[in-house]
Amino acid sequence: MKLRSLPCYCATLRQAARSATTLYESVLADSGLHVTQHTALQVLDGAPNLTTTELADAIGIDQTTATRTLALIKKSRLVASAPGSDRRERRWVLTPAGETMVRKMRPAWAAAQQAFEKQVGRAQAAALKDAAYLAAAKLAAN
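Here the structure is a predicted model, which means the values were calculated and not measured. (Residues numbered from 1 in each chain as written. Predicted model: local features only at pLDDT ≥ 70, side-chain atom pairs only at ≥ 80, totals over all residues. Heavy atoms only, no water.)

## A look at the overall build of the protein chain
- Helices and strands together make up the secondary structure of the protein chain, namely six helices and three strands.
- For the protein chain, the N- to C-terminal ordering of α and β elements is α-α-β-α-α-β-β-α-α.
- C-alpha atoms of the protein chain, sized along the principal axes, occupy 50 × 35 × 30 Å.
- Relative to its 142 residues, the protein chain shows a buried fraction of 25%.
- The contacts of the protein chain with a sequence gap of at least 6 include a subset with a gap of at least 24, amounting to 46%. (Helix = DSSP H or I, 4+ residues; strand = E, 2+ residues; numbered from the N terminus. Buried < 20%, exposed > 50% of the residue type's maximum accessible area, 1.4 Å probe, protein only. Contact = heavy atoms within 4.5 Å.)

Next up, the structure:
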């Protein structure tokens, strides 16, 4: 069946997200990671010691999803947690294995970025990224 243009912003954004996820998941297939897990590793690589809530906010996911994602990558020994300012709070950092995984995945991730730009067009891809971030930021502010 051919993809259809839908009348709803949400449905159209979800179509685009599913298509992009398929592309990136194919690149990550050999690593055993899903896009959501890789994104969490990338964020923690750039901003270590985030709480679960801070990570969820940075990515734009709910805390339950962040907790589940962190549990999976902790099980793979890619992240470790440490107590935060109170006993319920956890702070997250990459383990040496997590740092290695992020470093190892950079070329594949760059290839996925280039494939996306090639299929969508470089200018259109950049405009889409900017527009999607702007929409997410404005909608999250409400």
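## A word on the environment of Thr-51
- Following the sequence through the fold, Thr-51 ends up in strand β1 (residues 50-51).
- Residue Thr-51 is classed as buried on the basis of its relative accessible area of 7%.
- Thr-51 sits 41 residues away from Trp-92 along the chain, and the two C-alpha atoms are 6.2 Å apart.

## Observations concerning the state of the cysteines
- This model, assessed by the stated rule, comprises zero disulfides.
- In this structure Cys-8 is not part of a disulfide, and its nearest cysteine sulfur, from Cys-10, lies 5.1 Å away.
- Its relative accessible area of 36% is what places Cys-8 among the partly exposed residues.
- Judged by its relative accessible area of 46%, Cys-10 is partly exposed. (Disulfide = S-S within 2.5 Å.)

## Some words on the packing of aromatic side chains
- The tally for this structure, following the rule as stated, stands at one aromatic pair.
- Ring geometry for Tyr-24 against Trp-109: centres 4.7 Å apart, planes inclined by 55 degrees, an arrangement best described as tilted. You can see Tyr-24 sitting in helix α1 (residues 9-28) and its partner Trp-109 sitting in helix α5 (residues 96-120), a full 85 residues away along the chain.
- Classification of Tyr-24 as buried rests on a relative accessible area of 9%. (Phe/Tyr/Trp six-rings, centres within 6.5 Å; stacked < 30°, edge-to-face > 60°.)

## Observations regarding the packing of helix α2 (residues 35-46) against α5
- Packing of α2 against α5 leaves a shortest axis separation of 11 Å and a crossing angle of 115 degrees. Between α2 and α5 the crossing geometry is left-handed. Of the residues in α5, those touching α2 at Val-35, His-38, Leu-41, Gln-42 and Asp-45 are Met-101, Val-102, Met-105, Arg-106 and Trp-109.
- Split into classes, the residues belonging to the contact of α2 with α5 amount to six nonpolar, two polar and two charged. (Axes fitted to C-alpha atoms, helices over the stretch in contact; angles between N-to-C directions. Left-handed = near helix turned anticlockwise from the far one by under 90°. Nonpolar A, V, L, I, M, F, W, Y, C, P; charged D, E, K, R; others polar.)

## Here's the deal with the packing of α2 against helix α4 (residues 63-75)
- Running from N to C, α2 and α4 cross one another at 85 degrees; their axes reach a closest spacing of 10 Å. Here α2 is positioned roughly perpendicular relative to α4, judged by the angle of their axes. Note on element contacts: α4 touches α2 through Thr-69, Leu-70, Leu-72 and Ile-73, opposite Thr-36, Gln-37, Ala-40, Leu-41 and Leu-44.
- In terms of residue class, the contact of α2 with α4 is built from six nonpolar, three polar and no charged. (Parallel < 35°, antiparallel > 145°, perpendicular 65-115°, else oblique.)

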